[in-house]
Amino acid sequence: MESYYLRLHWLGVLISVTLLPSTIFSSTSCNFPAIFNFGDSNSDTGGLSAAFGQAPPPNGETHFHTPAGRYSDGRLVIDFIAESLGLPYLSAYLDSVGSNFTHGANFATAGSTIRPQNTTISQSGVSPISLDVQFVQFSDFHRRSQTIRKQGGIFQLFLPEEIDFSRALYTFDIGQNDLTAGYKLNMSTEQVKAYVPDVLGQFSNIIKYVYAQGGRSFWIHNTGPVGCLAYVLDRFLVTAAQDLPLASITYVDVYSVKYSIISQAKKLGFENPFIACCGHGGKYNYNRFIKCGRKKIVNGKEILIAKSCKYPSARINWDGTHFTEAANKWIFDKIVDGSFSDPPVPLEEACHKMDH
Ligand SMILES: *[C@@H]1O[C@H](CO)[C@@H](O)[C@H](O)[C@H]1NC(C)=O
Ligand SMILES: *[C@@H]1O[C@H](CO)[C@@H](O)[C@H](O)[C@H]1NC(C)=O
Ligand SMILES: *[C@@H]1O[C@H](CO)[C@@H](O)[C@H](O)[C@H]1NC(C)=O
């Protein structure tokens, strides 16, 4: 690590003698033409909504002023990532209405796991679009987008070019639901721990499959503050990286960032991080039977009973499970410059290969 910066620095000094400094700096930005995202609700921009029904209002109220397929009052970390790279927000691959995939696609759905589960969404809340399915969809998208694009005309305005698949940024934020799925089946912590290697193995296979399709730049978030997966993922990724000689793999410790926003909420000017902004009753304004957006018919009229708080921007916890836009923005600002990355590369430079 140290030596890389040193080399870069020296190279900078040498080149600046003959070239304009701007040439040097601009060459470090990757100019990603597209983002392909895989994940769960942390980065779902409309997948689950398209397949199983729209996330209801007041989701989306802050930024989009209407439900926008996200489980938040506004933008997610993936939206801030797209914005900062100068790209449009990602359309969900499953969304057939108004989508534009010129600059990438989003395969994430809320409730997704890495391992396919043996329960239905109505039994456990786990999405059937697990990471293996997301990869199949990506693969299909890759192949068919090129066949369709060759037909010319209007399709060229909706689909990415072939070269963009190797120049794109591949982002991953998934794994949290693999742990909760076990606990929901009343497994002990020992039993959950016992399947973590399988979860990681399946995750690493997907990275390898994407690599085999030309993917080179990987930006991988560990899980939020749930269990031990975050802890093991980084050690594991270092080994995975050795199998993929041309890949730039950046591992981002969002776990620590999420932990710090929760533990330092007050100091940062946020209200109690455990109380949901949107919900209904109880100590935490959370009732699992009356979740954010729940309506009730009273005297023949529909009224919202699990509604939003007055100032979502002062909250961290949106609906008992997900983060508010304000929290997502705070998290994004912490990770964008590489401070929580291994190797410590900023987002816009994540195509450069460095040693872990
Ligand atoms: C689902 O069932 C199959 C077949 O029994 C098993 O191999 C797999 O590990 C199970 N998946 C999970 C997440 O338990
Ligand atoms: C899709 O988005 C791209 C980039 O923003 C734009 O150039 C293109 O015209 C859009 N396609 C359509 C059909 O609007
Ligand atoms: C887990 O345990 C709870 C409490 O004992 C029980 O109500 C529930 O049905 C169990 N769930 C499963 C999937 O076995």
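Residues numbered from 1 in each chain as written. Chains lettered and ligands numbered in written order. Predicted model: local features only at pLDDT ≥ 70, side-chain atom pairs only at ≥ 80, totals over all residues. Heavy atoms only, no water.

By the naming in an unreviewed UniProt entry, the chain goes by Alpha-L-fucosidase and is assigned to Nyssa sinensis. The annotation that UniProt attaches to the chain under Sequence similarities (unreviewed entry) is "Belongs to the 'GDSL' lipolytic enzyme family." (UniProt positions renumbered as here; feature names shortened; annotations may be inferred.)

Quick notes on the site of ligand 2
Near ligand 2 you find Asn100, Thr102, His103, Leu157 and Phe158, and these make up its full shell. Here Leu157 contributes a backbone N or O atom positioned 2.7 Å from a nitrogen atom of ligand 2. For ligand 2, whose free accessible area comes to 360 Å², the fraction covered by protein is 52%. When the residues that make up the shell around ligand 2 are grouped by side-chain class, the tally is 2 nonpolar, 3 polar and no charged. (Near = heavy atom within 4 Å. Polar contact = N/O pair within 3.5 Å; in protein donor to acceptor, adjacent residues only side chain to side chain. Areas by Shrake-Rupley, 256 points an atom, 1.4 Å probe, with all protein chains shown as cover. Nonpolar A, V, L, I, M, F, W, Y, C, P; charged D, E, K, R; others polar.)

Structural notes on the packing of helix H6 (residues 131-150) against helix H9 (residues 189-212)
At a minimum axis distance of 10 Å, the contact between H6 and H9 shows a crossing angle of 5 degrees. With respect to H9, the axis of H6 lies roughly parallel. Residues Leu131, Asp132 and Phe135 of H6 touch H9, and the partners they reach there are Phe203, Ile206, Tyr209 and Val210. In the contact of H6 with H9, the residues fall into 6 nonpolar, no polar and 1 charged. (Axes fitted to C-alpha atoms, helices over the stretch in contact; angles between N-to-C directions. Helix = DSSP H or I, 4+ residues; strand = E, 2+ residues; numbered from the N terminus. Parallel < 35°, antiparallel > 145°, perpendicular 65-115°, else oblique. Contact = heavy atoms within 4.5 Å.)

Some points on the pairing of strand S7 (residues 301-304)
Looking at chain direction, strand S6 (residues 295-298) and S7 are connected through 4 bridges and run antiparallel. Bridge assignment links Val298 to a residue of S7, and that residue is Lys301. Here S6 hands over to S7 after 2 residues, with Asn299 in that stretch at a positive phi of 50 degrees. (Pairing = 2+ DSSP bridges.)

Examining the packing of helix H4 (residues 77-84) against helix H12 (residues 325-335)
In contact at an axis separation of 8 Å, H4 and H12 are set at 50 degrees when each is read in the N-to-C sense. Between H4 and H12, the angle falls in the class oblique. You can see that H4 and H12 cross each other, and the crossing is right-handed. Every residue of H12 that contacts H4 at Val77, Phe80, Ile81 and Ser84 is listed here: Glu325, Asn328, Lys329, Ile331, Phe332 and Ile335. (Left-handed = near helix turned anticlockwise from the far one by under 90°.)

Observations regarding the nonpolar core
If you look at the biggest cluster of nonpolar residues, it comprises 34 residues, and the most contacted ones within it are Phe36, Phe38, Tyr170, Phe172 and Phe218. Elements represented by at least two residues in this core include exactly strand S1 (35-39), H6, strand S3 (169-173), H9 and strand S4 (217-221). By residue number, the principal contributor to this core is H9, which donates 10 residues. Beyond its immediate stretch of four places on either side in the chain, Phe172 contacts Asn37, Phe38, Leu131, Phe203, Ile206, Ile207, Val210, Phe218, Trp219, Ile220 and His221. Membership of the second largest hydrophobic core comes to 29 residues, among which are Ala265, Ile316, Phe323 and Ile335. (Core = buried A, V, L, I, M, F, W, Y, C linked by side-chain atoms within 4.5 Å. Buried < 20%, exposed > 50% of the residue type's maximum accessible area, 1.4 Å probe, protein only.)

Remarks on the state of the cysteines
Evaluated as defined, the whole model comprises 3 disulfides. With its sulfur 2.2 Å from that of its partner, Cys277 forms a disulfide with Cys309. For the disulfide bridge between Cys277 and Cys309, the dihedral angle about the S-S bond is near -95 degrees, and by the sign convention the bridge is left-handed. A residue pair is termed long-range when its members are at least 10 positions apart, and Cys277 in the loop between helix H11 (254-263) and S6 and Cys309 in the loop between S7 and H12 qualify at 32 residues. One exposure class covers both Cys277 and Cys309, and it is buried. Linked covalently through their sulfurs, Cys278 and Cys292 form a disulfide whose S-S length is 2.1 Å. Handedness of the Cys278-Cys292 disulfide follows from its S-S torsion of about 90 degrees: it is right-handed. In this pair, Cys278 sits in the loop between H11 and S6 while Cys292 sits in the loop between H11 and S6, placing the two residues 14 residues apart along the sequence. (Disulfide = S-S within 2.5 Å.)

Structural notes on the site of ligand 1
With respect to spatial proximity, the complete set of residues near ligand 1 consists of Arg115, Pro116, Gln117 and Asn118. At 2.3 Å, a side-chain N or O of Asn118 approaches an oxygen atom of ligand 1. With the chains in place, 39% of the 360 Å² that ligand 1 exposes on its own is no longer accessible. Tallied by class, residues from the shell around ligand 1 come to 1 nonpolar, 2 polar and 1 charged.

Some thoughts on the packing of aromatic side chains
Two aromatic rings, taken as a pair, are described by how far apart their centres are and by the angle between their planes. Evaluation of the coordinates by the stated rule reveals 23 aromatic pairs. Sitting over the face of the ring of Tyr89, Arg70 holds its NZ or CZ atom 5.7 Å from the ring centroid. The ring of Phe80 has Lys329 lying over it, and the distance from NZ or CZ to the ring centre is 6.0 Å. (Phe/Tyr/Trp six-rings, centres within 6.5 Å; stacked < 30°, edge-to-face > 60°. Lys NZ or Arg CZ within 6 Å of the ring centre and 35° of its normal.)

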